[in-house]
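Reading the structure
Take a look at the letters that make up each chain.
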Amino acid sequence: MLVRPLSKLGLQPSSKLKNQQSSVEMETFLTDICKGRTLLTLILCIWVPMEVMAQARNATVSSKRPSSLNFGALFTFNSAIGRSAKPAILAAIDEVNSDSSVLKGTKLKIIFHDTNCSGFLGTVEALQLIENDVVVAIGPQSSGISHVISHVVNELRVPLLSFGATDPSLSALQYPYFVRTTQSDYFQMYAIADMVEYFGWREVIAIFVDDDYGRNGISVLGDALAKKRSKIAYKAAFSPGAPLSDINDLLVGVNLLESRVYIVHVNPDSGLSIFSVAKDLGMMTSGYVWIATDWLPTHLDSLVPPDPDKMNLLQGVVAVRHHTPDTDLKKSFASKWNKLKHEGSPGFNSYALYAYDSVWLAARALDVFLNDGGTVSFSNDPKLKDTNTSALHLSSLRIFDEGQHYLQTILKMNFTGVSGQLQFDLDKNLIHPAYDILNIGGTGFRKIGYWSNSTSLSTTEPEILYEKSLNTSGSTPHLYSVIWPGETITTPRGWVFPNNGKPLRIAVPDRVSYKEFVSKDKSPPGVRGYCIDVFEAAINLLPYAVPRTYVLYGGGKRNPQYNDLVSQVALNNFDAAVGDVTITTNRTRMVDFTQPYMESGLVVVVPVKQVKTDTWAFLKPFTYQMWLVTGAFFLLVGAVVWILEHRINHEFRGPPRQQLMTIFWFSFSTMFFSHRENTVSTLGRLVLIIWLFVVLIINSSYTASLTSILTVQQLASRIEGIDSLISSNDPIGIQDGTFARKFLVDELNIAEARLVTLKTMEDYGKALQNGPKRGGVVAIVDELPYIELFMTSTKCAFRIVGQEFTKSGWGFAFQRDSPLAVDLSTAILQLSENGDLQKIRNKWLGSSECSMQPNEHDANRLSLTSFWGLFLICGIACAIALAVFFCRILCQYRRFSPEAIERDVEEIEPAPRSSRRSLRVTSFKDLMDFVDKKEEEIKHMLRRKSSDNKQEASPSTDGKSHSPS
């Protein structure tokens, strides 16, 4: 820049310059030199700070990528989980440090601390671990220690990745820095609940270790079973590290209970002692069900080869294991396990996979965290500032400044590890939870199916269903067959009667009426009756013995309240209630009923009276309208037949008086088919045939109706059913102790003051016979079985009116979720199918000989409505016959009538009006005369007239031919 002005000016030696350069050019030269120096100074000022800033930035970057970082590992080394987890963690650290694509330039250091299966030591070791400024802690495996350590990491903002703590309560918002890299027991317990439902069990016994892991897991199991309408019948808890004597006492106690389905949720290192004691007590035989959570496969997977003695303890046990897909990564991990195990177990379990993936999850998240500008720095906790005098040195615990940022990065990670896909949902649980269902037998176990959160029980691997995107929400759960304890493939019933010497206490109502159903008996078992025989027959069909004792319920002076009886069963004062107990909606809310063994329903019964025949009983079959129309048709048909036969049948001719008698005689004699006059015309025979058919129907109906009227009983009450009973204000009788009172008052809104309680069958008859005017009742409302027996015993002096207005049945009541109710329902159906139920009924109740629905007098009377079709047909036939007959008459009359001659005369000489009227009168009289003539005479006159016409026509023709031209 300094050269250009000099060359441009062509600089000369100084002596020549002084002579040739003017003062103006010298000033320009000096100005250019000043500008160049200023520009150079500006460039230097800008460049130097930029270099300094670049060096500072490089220094900052190098500080964000430290050369090494500390990872912590906290678990029990000498445990089934720890022996598999430690080699896996070391292998993961080595692979991360050797992988140039992850944490480039930063080496990971792992710091191990042993919790020694102690909550206290685990807490101390955790505090010592965090003193080393770890960015993440792997572990612990214990749920109890996780609860304590979670409070520490929350304060110091250090993420805690646990591969073994499965307590569902650790997912609470209370522990934001706790991240579970394995499956929560929440899903495992729902898998077990689905299995319980699949095999049809209703009650289970939970055997668990009494710590956070055991208690919280079993609590979730109780909730899951409740959704399947099952329950935990008993919770058998024992302390961690309990001696065999305590476990023996525990199992002896549960063996006395009813349920035989045991859910075992204990620690992997001490759980086998449960089965060892159970085998000594004979609880690993046929009829028992043992379901173990994932602790058992965790222990067995670590045994290579399997221990025959241990496997012999577990024959027939069903277990649940974390499902990990058989990917290439998992197979590669399994192939190099022998090189990885170091001082670990001979085999690896699922927790080794989760521990291995936990290290990779922390490393990958740390790499993303640093790439996003995160820094690893620690600062003192102000809350621990004043504890320097403490021997615990709590002031050495420092806060991870950007721990929250690192935590969020971990929760957003999504990659595939050796255990499957690692991705978290909103509740910080791994997505797609799944379990293998195993059945232990021989020296190993076999998969009988899978369970996943979205597909439930299935024999297809969950990842296959996920890939196919199948909607399996409505699919039917399915598992392969199971070999249960005792080497049987028959699914155990899951319960037995308690082996505690206490038989079932069965309440039986102590009735004072209708003792055919149930009553007290002096001989064993102390009760008798129809209901007792049905119950005993059903019990005898069960494949197991049912010890039982009957207890009478009630004072014996009146029928007990059946609602109170059912309530006593619900309150566990009785195990069951056997008797004439009606199944109602309110009662089913308290207890479980068996299949109904007798149909029932409320009906209305009223008195009846015998109808005495009177002098005019023969008129009652028809209504008066029917009598009038029938008589009219007799006369009508007689008149029609007379008209049709009068001209051609000499039997219908004679003097007017004789012909009138003929019409009457012929009409009514057809009622008995005894008419002696023969019909010869086609139309007459057609009308007569149709009429005789009508007469046949009328005679048959009359005979049947008269017979019924002469033998029928009539109601002595105006009540025709429940509707008319409700509308009346008369008193109503009900049986003492039944649900009829509550139903009539609550459902039908009948005033309670109208209800009269009747205790015995004799009270029934007396109240109905007296009626409301003499202090009785107008009707009785009771259940059908009682009424049938009542009517039979009173020789059908009373009848049911209307239809049953409720539909129910009698059943045996048991406590809620009692398995005996289900088995007895099956037995009752079997009794019904083989006919034994009807035989028992015939033995105690006999057969009902009374008609259930009476035939009233008015119902037996036949009205015109029933026969108007027949009368219509007969009337149409008569009308058609008469129309045809008169058409023929008119045609003949036109040929014979003298009016044709008269019309010819009128054309020549018109006659006066009076003469025309006389001619018309004469013509009508001639027509009647013409009709009255015989057919033969008419035909003869027509032939003669025809011949006369021919003769008259012949001369006229001749005269015309001879006339003059």
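The following refers to the structure shown. The structure presented is a predicted model; accordingly, all values stated were derived computationally and were not measured. Per chain, residues are indexed from 1 in the order of the written sequence. Whole-chain, interface and lining totals are the exception, using all residues; otherwise, since this is a predicted model, local features are given only for residues with pLDDT of at least 70 and side-chain atom pairs are given and counted only at 80 or more. Side-chain measures were taken over the full set of non-hydrogen atoms in the model, leaving aside hydrogen atoms and water.

1. Digging into the overall build of the chain
Assigned secondary structure in the chain consists of 34 helices and 32 strands. Residues count as neighbours in contact if any of their non-hydrogen atoms are within 4.5 Å of one another. A sequence separation of at least 24 residues applies to 74% of the contacts in the chain between residues at least 6 apart. Only the protein chains shown count as cover for residues, and the accessible areas themselves come from Shrake-Rupley with a 1.4 Å probe. On the chain, roughly 48800 Å² of surface is accessible, and the fraction owed to carbon and sulfur atoms is 55%. A run of H or I in DSSP counts as a helix once it spans at least four residues, and a run of E counts as a strand once it spans at least two, with each numbered from the N terminus.

2. As for the sheet that holds strand β18 (residues 504–509)
The strand order across the open sheet formed by five strands is β21-β18-β22-β32-β23, and the pairing between neighbours is mixed. Here the strands that pair on one side only, and so sit at the sheet edges, are β21 (548–553) and β23 (592–593). In this structure, β23 lies alongside strand β32 (residues 813–814), joined through two bridges in antiparallel fashion. Its bridge partner lying in β32, Asp 592 is registered against Phe 814. Helix-sheet contacts for helix α18 (residues 530–540) involve β18, β21 and β32, and the interaxial angle to β21 is about 160°. Only when DSSP finds a minimum of two bridges between them are two strands counted as paired. To get an axis, a line is fitted to the C-alpha atoms, and for a helix only the part in contact is used. The angle between two axes follows their N-to-C directions and goes from 0 to 180 degrees.

3. Some details on the side chain of Thr 806
Here Thr 806 shows up in the loop between β30 (798–801) and β31 (808–810). A residue is classified by how much of its surface remains accessible, and Thr 806, at 11% relative accessible area, is buried. For Thr 806, the side chain forms a polar contact with the main-chain nitrogen of Leu 602, separated by 2.8 Å. Non-local contacts of Thr 806, meaning those with residues more than four positions away in its chain, are made with Ser 600, Gly 601, Leu 602 and Phe 743. Burial classes: relative accessible area under 20% of the type maximum marks a residue as buried, over 50% as exposed, and values in between as partly exposed (1.4 Å probe, protein chains only). Nitrogen and oxygen atoms within 3.5 Å of one another constitute a polar contact, given that in protein one can donate a hydrogen and the other can accept it, and given that sequence-neighbouring residues count only through two side-chain atoms.

4. Description of the sheet that holds strand β9 (residues 289–292)
A sheet is described by the order of its strands in space; here eight strands give the open sequence β7-β6-β8-β9-β10-β15-β16-β17, paired in mixed fashion. Edge positions in the sheet fall to β7 (231–238) and β17 (456–458), since each of these pairs with one other strand and no more. On average, each strand axis in the sheet is tilted by 25° relative to the strand beside it, whichever way the strands run. Of the pairings in the sheet, the one linking strand β6 (residues 203–209) to strand β8 (residues 261–265) comprises four bridges and is parallel in character. Note that in β8 the partner of Ile 207 across the bridge is Val 264.

5. Observations concerning the packing of α18 against helix α29 (residues 836–844)
Close contact between α18 and α29 brings their axes to 9 Å; oriented N to C, the two are set at 155°. By the angle between their axes, α18 is roughly antiparallel relative to α29. Classified by chirality, the crossing of α29 by α18 is right-handed. Of the residues in α29, those touching α18 at Tyr 530, Asp 533, Val 534 and Ala 537 are Leu 837, Ile 840, Arg 841, Lys 843 and Trp 844. For this classification, under 35 degrees means roughly parallel, over 145 means roughly antiparallel, 65 to 115 means roughly perpendicular, and everything else is oblique. A clockwise turn of the near helix away from the far one marks a right-handed crossing, whereas an anticlockwise turn of less than a right angle marks a left-handed crossing.

6. Focus: unusual backbone geometry
The peptide bond linking Gly 139 to Pro 140 adopts the cis configuration, its omega dihedral lying at -5°. Secondary-structure assignment places Pro 140 in the loop between β3 (136–138) and α6 (143–156). In this model, Pro 524 is joined to Pro 525 through a cis peptide bond whose omega is 0°. Mapped onto the fold, Pro 525 is located in the loop between β19 (519–520) and β20 (527–528). Positive phi, close to 55°, is recorded for His 432, a residue that is not glycine. With respect to the secondary-structure elements, His 432 resides in the loop between β14 (420–423) and β15 (434–441).

7. Thoughts on the packing of aromatic side chains
To pair, rings of Phe, Tyr and Trp, with the six-membered ring standing in for Trp, must have centres within 6.5 Å; the planes then decide the type, stacked if under 30 degrees apart, edge-to-face if over 60, and tilted in the middle. The full count for this structure, using the stated rule, is 48 aromatic pairs. Taken together, a centroid distance of 6.2 Å and an interplanar angle of 70° make the contact between Phe 622 and Phe 867 edge-to-face. On the criterion of sequence distance, the pair formed by Phe 622 in the loop between β25 (602–610) and α21 (624–645) and Phe 867 in the loop between α30 (857–860) and α31 (868–896) is long-range, its members being 245 residues apart. Within the aromatic cluster, the residues linked to one another by ring pairs are Tyr 514, Phe 517, Tyr 530, Phe 535, Tyr 550, Tyr 597, Tyr 764, Tyr 786, Phe 790, Phe 798, Trp 810 and Phe 812.

8. With respect to the pattern of salt bridges
A side-chain nitrogen of Lys or Arg and a carboxyl oxygen of Asp or Glu constitute a salt bridge if their distance falls within 4 Å. Throughout the structure, instances matching the rule amount to 20 salt bridges. Note that Asp 133 and Arg 398 form a salt bridge whose closest N and O atoms lie 2.5 Å from each other. In this pair, Asp 133 is assigned in the loop between α5 (119–130) and β3 and Arg 398 in strand β12 (residues 398–400), connecting sequence segments 265 residues apart. For Arg 398, a relative accessible area of 27% translates into the label partly exposed. Residue Arg 741 is joined to Glu 752 by a salt bridge in which the shortest nitrogen-to-oxygen separation is 3.4 Å. Pair noted here: Arg 741 is in helix α25 (residues 740–747) and Glu 752 is in the loop between α25 and β28 (755–758), with a separation of 11 residues, a long-range link. Judged by relative accessible area, which is 27%, Arg 741 ranks as partly exposed. Here the salt bridges do not stand alone but share partners, grouping Asp 301, Arg 321, Asp 436 and Lys 447 into one network.

9. A look at helix α9 (residues 244–255)
Residue count minus one, scaled by 1.5 Å, sets the expected span of a helix. Compared with the 16 Å implied by 1.5 Å per residue over 12 residues, the 16 Å span of α9 between its first and last C-alpha is a close match. Residues of α9 that are buried include every one of Ile 247, Leu 250, Leu 251, Val 254 and Asn 255, and no others. Viewed along the axis of α9, the buried residues span an arc of 130°, placing them on a single side of the element. The elements touched by buried residues of α9 are β6, β7, β8, α10 (272–280) and β9. For this quantity, the arc is that covered by the directions from the helix axis to the C-beta atoms.

10. Overview of the side chain of His 113
Take His 113: it is sitting in strand β2 (residues 107–114). Exposure remark for His 113: the relative accessible area of 13% places this residue in the buried category. Among the polar contacts listed, one links the side chain of His 113 to the side chain of Glu 125, at a separation of 2.5 Å. When near neighbours in sequence (up to four residues on either side) are disregarded, His 113 contacts Ala 73, Leu 74, Phe 75, Phe 77, Glu 125, Gln 128, Leu 129 and Asn 132.

11. So, the pairing of β8
By the criterion of burial, β8 is predominantly enclosed, with five of the five residues buried. Across the two faces of β8 the burial is the same, with Val 261, Ile 263 and His 265 and Tyr 262 and Val 264 all buried. Both β8 and β9 contribute to a ladder of four bridges, which runs parallel. Across the sheet, Val 261 pairs through a bridge with Val 289, a residue of β9. Between the parallel pair β8 and β9, the chain is carried across by α10, and the sense of this crossover is right-handed. Handedness of a crossover is defined as follows: orient the strands so they point away from the viewer, and if the path from the first strand over the helix to the second runs clockwise, the crossover is right-handed.

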